[in-house]
Amino acid sequence: MKYNSIIIGGGLAGLTSAIRCAEAGLKTALISAGDSALTFASGSIDVLGIRQNNSLVQYPFEEISHLPSGHPYQKLGAGQVKQSLHFFTGQMAKAGIQMSSHGQQNHSRLTALGAIRPTWLSQPGTKALSIAAPAAGLRRVAIINIAGFRDFQPALVAAGMKKHPEFAGVEFTVADINAETVNINARNAYELRSLEMARLLKRDLFSQPKGLTIFASAIQKAAGNADLVVLPSVLAVENGNELISQLEAHTGLHICELATLPPSLPGMRMANALRQRYRELGGLLLEGDEVLSGYFDNNKLNSIKTRLNPSMPLEADHFILATGSFFSRGLDSNQSSLTDKTFNLDVVEAGQREQWSNERFLNGHQHGFSYFGIETNERFNPYQNGKAITNLYCAGGVLGGFNPVAEASAGGVAISTGWFAANQIIAQRSGSSGTAK
Amino acid sequence: MLNLINTSFDNCIKCTVCTTRCPVAEANPDYPGPKQAGPDGERLRIKNPELYDEALKHCTNCKRCEVACPSGVHVGTVIQLAKAKHGGFKKGPREFMLSHTDLMGSLSSPAAPVVNTVTRLKPVKKLLDKTLGIDERRTLPKYTGQTFRSWFNKQSGTQEQFKRKISFFHGCFTNYNDPTVGKHLVSVLNAMNIGVSLMKKEKCCGVPLIANGFFDKARKNAELNMNQFARSLTETECVIATEPSCTMTLRDEYPEVLDVDNSEVKDRIFFASAFIAREFARGNQPDMKPVKLRVAYHSPCHLIKAGGVIHTMELLNSIPGLEVIMLDQKCCGLSGTYGFKKENYSTSQSIGQGIFDQIEALGVDYVVTDCESCKMQVEMNTGHTVLHPLTLLAQSLT
């Protein structure tokens, strides 16, 4: 069986490229070995937020030219990065989620530990704070939990926020909403994860005619006249953003949801929207299968063998490898070496084992391993034994040369490199007349 | 006693992705979800089997947790084995009836017209509900008067004349309930110059037996089937099944769940679509005429798990004139015998509601799916007739 394009990896990079290919009319298949890291993600898209010296980036696209030459953004240039994000925002809107940005400027988002992180694109339920002055206009912040829910700790959020000098003059209120107040009946509240809380609220509260009003008045009572109300993201998976805006209308308060410990509902919402969009475009999604190996010939990848159908290799004209980094099992390491698990492609020189990481894990300094990944040429083709594979592209976390965490760039790199890889394939196909059957 | 326990469930990193995809956990708050019932519970059960949780009975074994798991944990299997090991199955007359599909088939089929009439009567359904706990709102499967095997025997001579031959594992439903799909497989393969042969004997693959805790019986069936396969494969290329759950069980569950070694034949067991799609790709494609229909395709849970959706889609897309809309990959809720049980009826219906609504909104001519259980559920809950992909292929033969 032959496809125009086969994408390996169902995360942000894989889904973006798959949507781009399917929209261009290519016969596309996406293979995903289990759910992606989107289920753990914040639901915002970081493009480029932090410099090497730890200072905040205000204008991410302007900053791209200052990055080192091996960085994926340098290969793309600011113009293409911008275009890819524009494409992504459009696709999310078509799937029902209106992402928002502050023009060319980054904004700040809160985390469940009370940290303030720079980001560029957020869902409406995440209240964007100013990048330069995150506490501007805030005198009182109320942090509210549903009593018994353990994956969110309001006191921790408050303590984290207070560490920022900006928030020195802000008054914090920490409060709980009791399950009885909102008529929810949990078997064991302390066993619930965010998703289970959302299902419970849907069943016991929001499906009732007065559910929304009951919850709104509980928030009002707990929050008083706060300028910003912070809630864990536990209210709803689908239409969570709409629910928050309805609650804002009812209460007259500004409500901000924070992604909790996994599963993260804003991340799930994004993943669901992208999968739905891909399906609508006629793309084929193969979940729960894994690529075991590839058949390479003459510097091209001809076909791949998968775990579930080992005797039936899948052929394609072009492939995109978007398997993610160590956590997503795209990259693997042992005591002395680093490998790409799927095809054994050439990876960046990792150096001595002692230099892979800092002695202290969270001391604010960068770790060497964050930059590890597959080495690619200007077109994001990887190398095998020094030779470029011309019909295979790499995208997202599997790429080397950038530090997704320290520079706050994971989402932007995934989207822009995925989009770019798909564009290369589309351009080559319109240049040739061959079609896959 | 060290190292005797399989601790592969420890690959679970507690991310809860499995629960995000669990149709039962979404519909029924009494089920704590696959993470707690599976790997979390297993840790506790190793310490003390008395911590076995009643809630395990809610799992339908749809395997969506395994498809979603990023860490490769066999969540569904852990749950099934825990249930089996700690006596978590209720094995009453209802469970016996629902799971022994070949026995029930061989008893009912000879009296099919009577059985079919009787099982449609309201008082009878009420009686089954009250005495056995088979929900009265459920449409019961019909039986066929002429089994697939007896139909096949009449024309096995024709099949002998083909140079290439495959073995067909027809399964209980095709043999005793509705032989249509089997007949269509024969005509499609014949059009591709491939003959069909049956195993001398075959037993139920075991999927309903596993789901109801009859592991010993399932293992016996598995051993018989594997012997038959080995024998049959000396004269044929491979074994083909048209039912996704049968295929998954024969290929993957025999070693994983029943501990029956199938390594000798495993690579030669194929889902029908996979085998035919591979033949098409190699150029062995019959002439096809347009089938001008708009259909919605529903992908069965066990076909997703076995990696077979790609082949069915390939076949449907190869039929000229056919417009195929892929439904959201959600569970239909019946899960074989699960939805027939009174206590599961509302969970089963609420799981399937999303699919039913989507089908009604699309306004298609037919619904297409590979699974007989999904077919029953969709036909009972929508105004649509459900066809097997092979039926459409058979229609397109010139």
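Definitions and limits used
Residues numbered from 1 in each chain as written. Chains lettered and ligands numbered in written order. Predicted model: local features only at pLDDT ≥ 70, side-chain atom pairs only at ≥ 80, totals over all residues. Heavy atoms only, no water. Pairing = 2+ DSSP bridges. Helix = DSSP H or I, 4+ residues; strand = E, 2+ residues; numbered from the N terminus. Axes fitted to C-alpha atoms, helices over the stretch in contact; angles between N-to-C directions. Contact = heavy atoms within 4.5 Å. Buried < 20%, exposed > 50% of the residue type's maximum accessible area, 1.4 Å probe, protein only. Arc of directions from axis to C-beta. Polar contact = N/O pair within 3.5 Å; in protein donor to acceptor, adjacent residues only side chain to side chain.

**Student:** I'd like to hear about the sheet that holds strand E3 (residues 239-241) of chain B, residue by residue, with values.
**Tutor:** Residue and element names in this part refer to chain B. Taken together, four strands build an open sheet; the order of strands is E2-E1-E3-E4 and the sheet is parallel. Both edges of this open sheet fall to strand E2 (194-198) and strand E4 (269-271), since each of them pairs with a single strand only. Strand-to-strand twist across the sheet, computed as the mean angle between neighbouring axes with direction ignored, equals 40 degrees. With respect to the sheet, helix H17 (residues 272-281) is in contact with strand E1 (164-169), E2, E3 and E4, its orientation differing from that of E4 by roughly 90 degrees.

**Student:** Residues and numbers for the sheet that holds strand E8 (residues 255-258) of chain A, please.
**Tutor:** Residue and element names in this part refer to chain A. One open sheet accounts for four strands, arranged E6-E5-E7-E8; its pairing is parallel. The open sheet terminates on both sides in strands that have one partner only, identified here as strand E6 (171-177) and E8. Between one strand and the next, the sheet's axes are offset by a mean angle of 25 degrees, whatever the strand orientation. Sheet topology note: the strand E7 (residues 228-232)/E8 ladder contains four bridges and is parallel. Bridge pairing links Val 229 to Ile 255 in E8.

**Student:** Quick one: what's the story with helix H9 (residues 122-131) of chain B, residue by residue and with numbers?
**Tutor:** All names here are of chain B. Those residues of H9 that sit buried are Lys 125, Leu 128 and Asp 129. The buried side chains of H9 occupy one side of the element, clustering within an arc of 100 degrees when seen end-on. Of the exposed residues in H9, those oriented more than 90 degrees away from the buried face are Pro 123, Leu 127, Lys 130 and Thr 131. Trailing H9 by a residue or two, Gly 133 shows a phi angle of about 90 degrees, which is positive.

**Student:** Describe the environment of A:Asp289, listing the residues and the values that go with them.
**Tutor:** Residues and elements named next belong to chain A. Topologically, Asp 289 is positioned in the loop between strand E9 (284-287) and strand E10 (291-297). Taking C-alpha positions, Asp 289 is 5.1 Å from Ala 33, a pair spaced 256 residues apart along the chain. Excluding anything up to four places from it in sequence, Asp 289 contacts Ile 31, Ser 32, Ala 33, Thr 306, Arg 307, Leu 308 and Asn 309. Only 3.3 Å separates the side chain of Asp 289 from the backbone nitrogen of Arg 307, close enough to count as a polar contact.

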